[in-house]
Protein chains: 2
Amino acid sequence: MRINKSEAAALLLKEDDVLILTHKNPDGDTLGSGYALCRALLKLGKKARVECFDPIPKKYDYMFEGLDVIEFEPSYIVAVDVADTKLLGEGFEKLYGNNIDLCIDHHSSNIMYAKKTCLYEEDAATAETIYSIICNLGVEIDEGMASCIYTGLSTDTGCFRYSNASSKTYRIASEMIELGVNNGAINSLMFESKSLSQLRLLKLSIEGMKLYFDNKCAIVTLTQKMFEDSGAHENESETISSLARQVEGVLVGATLRERPDGTYKVSVRTHAPVDAAKICSKMNGGGHKRAAGCEINLPLEQATQVLLNHIESGIKEAYEE
Amino acid sequence: MRINKSEAAALLLKEDDVLILTHKNPDGDTLGSGYALCRALLKLGKKARVECFDPIPKKYDYMFEGLDVIEFEPSYIVAVDVADTKLLGEGFEKLYGNNIDLCIDHHSSNIMYAKKTCLYEEDAATAETIYSIICNLGVEIDEGMASCIYTGLSTDTGCFRYSNASSKTYRIASEMIELGVNNGAINSLMFESKSLSQLRLLKLSIEGMKLYFDNKCAIVTLTQKMFEDSGAHENESETISSLARQVEGVLVGATLRERPDGTYKVSVRTHAPVDAAKICSKMNGGGHKRAAGCEINLPLEQATQVLLNHIESGIKEAYEE
């Protein structure tokens, strides 16, 4: 059942002992949304904590600075920025997948697995939805919450670069900075700081980039060998996802990341009018119009061919509509 | 003489036949400020035009879409985002350098060459100052002006990434988007679109990057040979300026660009507390605390050594204060 933001706030006001779940491979939006909500519930005197199936990268430490981890038996489970129970991570999917009371999200690919779903596809980040819910809870936003919300807005819009950043996104960001957010420092942590191994991986990615369909499509492949040669960790390769789409004239940029088990994690980024979510949905994935993802369990050559076929149809469809 | 924003607006209201000058090697802020002001003056029924000593890169075409170039003998000359008459370009400096009636700027290194100077160092972009002046002119901002102002804000803050972007910067951006700015398309033009030759230059830059002083300083050198090998034009190398500072732990990132005549254009970017303007002022340059520039007329090895000496002192000074 779909509910709106004030209904979500009304539900949360009635609950205590709230467990908040983020998606696996956590990013700034799922964590920012989770910790902002957690801080708001704690301020209301409720018990609340955030859990993530994967370890949380160190750069997000400031989000839970000063928060005590409270032990309690959860009586209400909220998932934030999680479009599918699969994305909770295998262990969490088994444990919680059938018992999510409330999902707060902005992915149009949300499979509506929760008892109640507060879904705003037009919001640039789930943190934008969370901002409104916290206002509806009647909680005064403090610097801690503001930093979490700002991080979600910033990371899900490529630092306010992409077309999903709306007038409202900027207005909320302005308000969060007014509340004391150190926006320069947060963006420096999220976007500016690259390790030497990340730069080596970037160099290898540029070298290996291939163009297709009259340069309308660019593909970057990150193999296990490239991770080894550069010394970069898989979670250091996130920024590479935007590289392929950045090439002049390219409509679809895709990145294939080889996993240790030989399967491929695929990220697809598009320019209008090509729909990334549509392309990925044909390979059992999903996401947003301009950024989506899927997984392919085939050897590299075949994986690339499958991906290219769907990209080619995606480009054609976009211009036929 | 320094004047405030409302005084600048009052002066402009009295003038007709206004020539607006931008700095050479024009960027989004000087052009955005110039064309926003020009559009506002035209809306008031005045004659106005923008001139730049260098050709304006094609990506800024939308700023003067629909504007007729009006021929008239200027009776009032305004320089926007120009900290020093040297930056007008050689030909323009001779022609106009001693006759600038009003300078509107945000560079703390401004040498106060104009008859009146409206200088707001705390503004992230000159476009932020121009926004207030246009409001003071009583002109209703339209989509054309809004696109110019937004571009200035976005380009001078690294797309709202740097610490100079304030709550006010975001608030104005929000308002400009509300007025119809296609922020996604503008940022895509300004930041996303890289030619293959630019990517090749990026690859060469990463390969050649050198670290100094316990990795607190990174230097990228762009030689004429690298421009030839990559096929990139000098004005395609602007984004490389931010590369060196992005390395984890680096406090000062510098880029040396070899010019066809063998001199070097230097760009210095810092993290707090190191002051880039101070470092560059010792080499007769200037700019902002986190981003500044200068020129060095020495062979590469000596140029690098001079630069490194000033960077080393700059780091020491920052930690002694």
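Quick notes on the rules
Residues numbered from 1 in each chain as written. Chains lettered and ligands numbered in written order. Predicted model: local features only at pLDDT ≥ 70, side-chain atom pairs only at ≥ 80, totals over all residues. Heavy atoms only, no water. Buried < 20%, exposed > 50% of the residue type's maximum accessible area, 1.4 Å probe, protein only. Helix = DSSP H or I, 4+ residues; strand = E, 2+ residues; numbered from the N terminus. Pairing = 2+ DSSP bridges. Contact = heavy atoms within 4.5 Å. Buried area = accessible area lost by both parts, 1.4 Å probe. Salt bridge = Lys/Arg side-chain N within 4 Å of Asp/Glu carboxyl O. Polar contact = N/O pair within 3.5 Å; in protein donor to acceptor, adjacent residues only side chain to side chain. Nonpolar A, V, L, I, M, F, W, Y, C, P; charged D, E, K, R; others polar. Phe/Tyr/Trp six-rings, centres within 6.5 Å; stacked < 30°, edge-to-face > 60°.

### What about the pairing of strand E11 (residues 291–296) of chain B?
All names here are of chain B.
- A one-sided burial pattern is seen for E11, the buried positions being Ala 292, Cys 294 and Ile 296 and the unburied ones Ala 291, Gly 293 and Glu 295.
- Relative to E11, strand E9 (residues 264–270) runs antiparallel, the two sharing six bridges. Of the residues in E11, the one forming a bridge with Lys 265 is Glu 295.
- Of the strand pairs in this sheet, strand E10 (residues 286–287) and E11 are connected by two bridges, and their pairing is antiparallel. Paired with Gly 286 across the strands is Gly 293, a residue of E11.
- If you look at the hairpin formed by E10 and E11, you'll find three residues sitting between the two strands.

### Details of unusual backbone geometry
- With an omega of 5°, the peptide bond between Ala 272 of chain A and Pro 273 of chain A qualifies as cis.
- In this fold, Pro 273 of chain A is placed in the loop between strand E9 (264–270) and helix H10 (276–281).
- Of note in the backbone geometry, Asn 25 of chain B takes a positive phi value of approximately 40° without being a glycine.
- Checked against the element boundaries, Asn 25 of chain B lands in the loop between strand E1 (18–21) and helix H2 (28–43).
- Exposure remark for Asn 25 of chain B: the relative accessible area of 45% places this residue in the partly exposed category.
- One non-glycine residue, Asp 214 of chain B, lies in the positive phi region at around 55°.
- Note that Asp 214 of chain B resides in the loop between strand E6 (210–212) and strand E7 (217–222).

### Topic: the interface of chain B and chain A
- With 38 residues of chain B at the interface, the matching set in chain A holds 38 residues.
- With both chains or domains summed, chain B and chain A bury close to 3,500 Å², and 56% of this area falls on carbon and sulfur atoms.
- A per-residue breakdown of the area chain B buries against chain A is headed by Arg 161, Tyr 170 and Glu 192 of chain B, which together make up 22% of the total.
- Among the salt bridges present, the one from Lys 203 of chain B reaches Glu 207 of chain A, with a minimum N-O distance of 3.7 Å.
- Summed over the shared surface of chain B and chain A, the result is 16 residue pairs in polar contact (both at pLDDT 80 or more).
- Counting only elements with at least two residues in the side of chain B that touches chain A, the list comes to helix H6 (167–178), helix H7 (183–192) and helix H8 (196–208) of chain B.
- It is H6 of chain B that contributes the most residues to the side of chain B that touches chain A, seven residues altogether.
- Its residues assigned to classes, the side of chain B that touches chain A shows 17 nonpolar, 12 polar and nine charged.

### Brief notes about the packing of aromatic side chains
- What the rule picks out here adds up to 17 aromatic pairs over all chains.
- Plain terms: the ring middles of Tyr 170 of chain A and Tyr 150 of chain B are 6.1 Å apart, the flat faces sit at 75° to each other, and that makes the pair edge-to-face. Of this pair, Tyr 170 of chain A sits in helix H6 (residues 167–178) while Tyr 150 of chain B sits in helix H5 (residues 143–156), each in a different chain.
- Classification of Tyr 150 of chain B as buried rests on a relative accessible area of 0%.

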